[in-house]
Amino acid sequence: DRQAMFLALDQARVACSTGSACASGSSEPSPTLRAMGCSDDVLASSLRFSVGGTTSAAEVCLAAERILRVFQTLRHGAKAGK
């Protein structure tokens, strides 16, 4: 569930978006992913992460660790709810 992941990542202080970069403020699926032929499931679950010229390798690693931890927490919670 991309909305749950988006909210949990926000709480973990990882910035991301549910929409494409070319549609700021929108949560419409990425036209790029659509053009690549991604399935509706992939489109519905995609998040966008951006880095800039001043983003350090350490910041990317910290974000990756937080993303993985949030994903595992959500996945564990979903399995426990079944």
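Residues numbered from 1 in each chain as written. Predicted model: local features only at pLDDT ≥ 70, side-chain atom pairs only at ≥ 80, totals over all residues. Heavy atoms only, no water.

Caption draft 1: Highlighting the overall build of the chain. Per the secondary structure count, the chain includes four helices and zero strands. Across the chain, helices and strands are ordered from the amino to the carboxyl terminus as α-α-α-α. Within the chain, contacts between residues at least 6 apart in sequence are counted, and of these 62% link residues at least 24 apart. For the chain, the accessible surface area stands at approximately 6,000 Å², while carbon and sulfur atoms represent 56% of it. (Helix = DSSP H or I, 4+ residues; strand = E, 2+ residues; numbered from the N terminus. Contact = heavy atoms within 4.5 Å. Areas by Shrake-Rupley, 256 points an atom, 1.4 Å probe, with all protein chains shown as cover.)

Caption draft 2: How the structure looks around the nonpolar core. Core analysis: the biggest nonpolar cluster contains seven residues, these being Met-5, Ala-8, Leu-9, Ala-12, Val-14, Cys-16 and Val-70. When residues in this core are grouped by element, the largest group, three residues, is from helix H1 (residues 2-11). Ignoring any residue separated from it by four or fewer positions in sequence, one finds Ala-12 in contact with Arg-66 and Val-70. (Core = buried A, V, L, I, M, F, W, Y, C linked by side-chain atoms within 4.5 Å. Buried < 20%, exposed > 50% of the residue type's maximum accessible area, 1.4 Å probe, protein only.)

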